[in-house]
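Structural overview for review
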Amino acid sequence: MRSDAEKILLTEEEITAKVLQLGQTISTDYANKELLMVGILKGAMIFMADLVRSVNIPVEFDFMAVSSYGSANKSSGVVRILKDLEQSIEGRHVLLVEDIVDTGLTLKYLLENLQTREPASLRTCTLLDKPERRQAEVTVNYNGFTIPDEFVVGYGLDYNEKYRNLKDILVLRPEIYQKQGEE
Ligand code: 5GP
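Below is a summary of the structure that appears in this document. (Residues numbered from 1 in each chain as written. Predicted model: local features only at pLDDT ≥ 70, side-chain atom pairs only at ≥ 80, totals over all residues. Heavy atoms only, no water.)

A count of helical and extended segments in the protein chain gives four helices and nine strands. Counted from the first residue to the last, the protein chain has its helices and strands arranged as β-α-β-α-β-β-β-α-β-β-β-β-α. For the protein chain, the spread of C-alpha atoms along the three principal axes comes to 50 × 35 × 25 Å. Burial status across the protein chain gives 46% buried among its 183 residues. Of the contacts formed within the protein chain by residues at least 6 apart in sequence, a portion of 64% connects residues at least 24 apart. Approximately 9,600 Å² of the protein chain is accessible, and the part contributed by carbon and sulfur atoms is 48%. Looking at charge distribution, the protein chain has the averaged site of its 21 positive side-chain charges lying 1 Å from that of its 29 negative ones. (Helix = DSSP H or I, 4+ residues; strand = E, 2+ residues; numbered from the N terminus. Buried < 20%, exposed > 50% of the residue type's maximum accessible area, 1.4 Å probe, protein only. Contact = heavy atoms within 4.5 Å. Areas by Shrake-Rupley, 256 points an atom, 1.4 Å probe, with all protein chains shown as cover. Lys, Arg positive; Asp, Glu negative; His and termini not counted. Charge placed at Lys NZ, Arg CZ, Asp CG, Glu CD.)

So, about the sheet that holds strand E9 (residues 169-172). With antiparallel pairing, three strands are arranged side by side in an open sheet as E1-E9-E8. Lying at the two open borders of the sheet, with one neighbouring strand each, are strand E1 (5-10) and strand E8 (152-153). (Pairing = 2+ DSSP bridges.)

Attention now goes to the pattern of salt bridges. Per the counting criterion, the structure on display carries 15 salt bridges. Salt-bridge contacts for Glu-161 lead to Lys-42; the nearest nitrogen and oxygen are separated by 2.9 Å. Taken together, the residues Glu-161 in the loop between E8 and E9 and Lys-42 in the loop between strand E2 (35-41) and helix H2 (45-54) connect sequence positions 119 residues apart. For Glu-161, a relative accessible area of 46% translates into the label partly exposed. Using a relative accessible area of 47% as the deciding quantity, one classes Lys-42 as partly exposed. The network of salt bridges with common partners includes Lys-42, Asp-158, Glu-161 and Arg-164. (Salt bridge = Lys/Arg side-chain N within 4 Å of Asp/Glu carboxyl O.)

Set out below in structure tokens:
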């Protein structure tokens, strides 16, 4: 699978160090607060699993699953909730955890939706940020890496549901897309 890479964008070591650093910052910022992390499935699953173990304050977590209308690589901004939270977030300190913020449309929808549920605070954490592609103005409070406008896979991120289990984050060789397109 790694041989499908045009290049490795971020190595396992770089990701591990960054997640630890994010966990420490979050622990400091939320000291003495009861933190609820909300991970967005499926992409943020791996990041979330590492992030919750890199904080050293008590933390609860929950997940949401959403699907974006539009083609695989073109977000329309219309989001459907496939799996909602299992609990009320009223009065809770919520940190929304995303794999990547691209156009920002998914995050904007989620923030607006969760804000109506009256959390005590609502912040965002993403492992990757592609600011060049932004269409909606969203605040990213915690960002792992700012990356160029390239389609990446690995560490939870997929192409056609594959590559999520890679430990590095990589850019696929163009032939991989072409081959799949011909199938
Ligand atoms: P947005 O609404 O910000 O455009 O899209 C966010 C979602 O699009 C992400 O949660 C992710 O599922 C998908 N996405 C955006 N860019 C990439 C990318 O480079 N690689 C992968 N695998 N998914 C991406």
